[in-house]
Amino acid sequence: MPIVKRSKNWSWQQPPKATYSSFFRTKTKRAYIASALLSSWLGTYLDLYFTGKGWYTFPQRPLAAIFPIHILFTTLGLSAFSLLFLFIMTKLQPWQRSLFVVALSFWMALLEAGAEAAGWLIHTSQWSHTYSFIGYWLFINIVWRFFRWMCF
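Note that the structure is predicted; figures quoted are calculated from it, not measured.

Colleague: What should I look at first to understand the packing of aromatic side chains in this one?
Modeller: The description of two aromatic rings rests on the distance between their centres and on the angle between their planes. Counted by the stated rule, this structure contains 13 aromatic pairs. Aromatic side chains tyrosine 56 and phenylalanine 58 sit 5.6 Å apart centroid to centroid with 85° between the ring planes, which places their arrangement in the edge-to-face category. Following the ring pairs from residue to residue traces out a cluster consisting of Tyr49, Phe50, Trp55, Tyr56, Phe58, Trp127 and Tyr131.

Next up, the structure:
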């Protein structure tokens, strides 16, 4: 039985339930953002490393005078793809995740070969697309492990 009743003339109102800062309060949302930033950062530095070593080049890229890599893909594209990837991975069972990572790595290696055929990317003659498969597999696992670490 309540002892004190709320007055009908009380002018105090509760703040709105959803604010901009409440978006960053949950661990999962922060994990998504941090993982997207990690994938963008990691992808950028890996591309810088491999273009610096001469393993591949990007003949068609924005801001070619400034960056030796495709900066829009590594900053925006990888972030968007990693968010989509993480969202899908959270919906899968553990055995499905393993199959999805292998299939996605294989698919990315095929897309890389297609980008090479389209002229967006040029590999050296020593490059094997098996390197791409293994590299994407490692990259995807690092991003997933980081996301899981951030969530728990």
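Still to come is the rest of the account.
Colleague: Can you help me understand a nonpolar patch on the surface in this one?
Modeller: A cluster of nonpolar side chains, Val102, Ile134, Trp137, Leu138 and Ile142, forms an exposed patch at the surface whose accessible area comes to about 430 Å². Its place among the elements puts isoleucine 142 in helix 4 (residues 129–151). According to the relative accessible area criterion, isoleucine 142 is partly exposed, its value standing at 42%.

Colleague: Got a minute to help me understand the environment of phenylalanine 85 in this structure?
Modeller: Mapped onto the elements, phenylalanine 85 comes out in helix 2 (residues 71–91). Each C-alpha atom, one on phenylalanine 85 and one on leucine 104, is 9.2 Å from the other, the two residues being 19 residues apart in sequence. With residues near it in sequence (within four places) discarded, phenylalanine 85 still touches Phe100, Val101, Leu104, Ile140 and Trp144.

Colleague: Explain the layout of surface pockets here, please?
Modeller: In this approach a probe as big as a water molecule rolls over the atoms, and the regions it shows empty are the leftover space. When its volume is computed, the largest pocket comes out at roughly 1,100 Å³. Listing elements by their share of the lining of the largest pocket, those giving two or more residues are helix 1 (27–53), helix 2, helix 3 (94–118) and helix 4. At 9 residues, helix 4 tops the list of elements feeding residues into the lining of the largest pocket. For the lining of the largest pocket, the per-class residue count stands at 27 nonpolar, 7 polar and 2 charged.

Colleague: Would you take a moment to explain helix 2 for this structure?
Modeller: Turn by turn, an α-helix covers 3.6 residues, leaving residues three or four places apart pointing in a common direction. An ideal rise of 1.5 Å per residue puts 30 Å on 21 residues; helix 2 measures up with 30 Å between its terminal C-alpha atoms. The principal kink in helix 2, of about 30°, is found at glycine 77. Within helix 2, the full set of buried residues consists of Ile71, Thr74, Gly77, Leu78, Ser79, Ser82, Phe85, Leu86 and Met89. Next to the buried residues of helix 2 lie helix 1, helix 3 and helix 4.

Colleague: Help me understand the nonpolar core in this model?
Modeller: It is characteristic of soluble globular proteins that their nonpolar side chains tend to be buried jointly. Phe85, Leu86, Trp144 and Phe147 are the most contacted members of the largest nonpolar core, which has 16 residues in total. Broken down by secondary-structure element, the contributors of at least two residues to this core are helix 1, helix 2, helix 3 and helix 4. If you look at the next biggest cluster of nonpolar residues, it comprises 6 residues, including Tyr56, Ile69, Ile71 and Trp127.

Calculation notes
Residues numbered from 1 in each chain as written. Predicted model: local features only at pLDDT ≥ 70, side-chain atom pairs only at ≥ 80, totals over all residues. Heavy atoms only, no water. Phe/Tyr/Trp six-rings, centres within 6.5 Å; stacked < 30°, edge-to-face > 60°. Patch = residues over 30% accessible without salt bridge, like charges linked within 9 Å, V, L, I, M, F, W, Y side chains within 5 Å. Areas by Shrake-Rupley, 256 points an atom, 1.4 Å probe, with all protein chains shown as cover. Salt bridge = Lys/Arg side-chain N within 4 Å of Asp/Glu carboxyl O. Helix = DSSP H or I, 4+ residues; strand = E, 2+ residues; numbered from the N terminus. Buried < 20%, exposed > 50% of the residue type's maximum accessible area, 1.4 Å probe, protein only. Contact = heavy atoms within 4.5 Å. 1 Å grid on protein atoms, 1.4 Å probe; cavity = no way out; pocket = protein on both sides within 12 Å on 5 of 7 lines; lining within 4 Å. Points joined across faces, edges and corners; volume = space filled by probe spheres on them. Nonpolar A, V, L, I, M, F, W, Y, C, P; charged D, E, K, R; others polar. Expected span 1.5 Å × (residues − 1). Bend = angle between axes of the 7 residues up to and from the residue. Core = buried A, V, L, I, M, F, W, Y, C linked by side-chain atoms within 4.5 Å.

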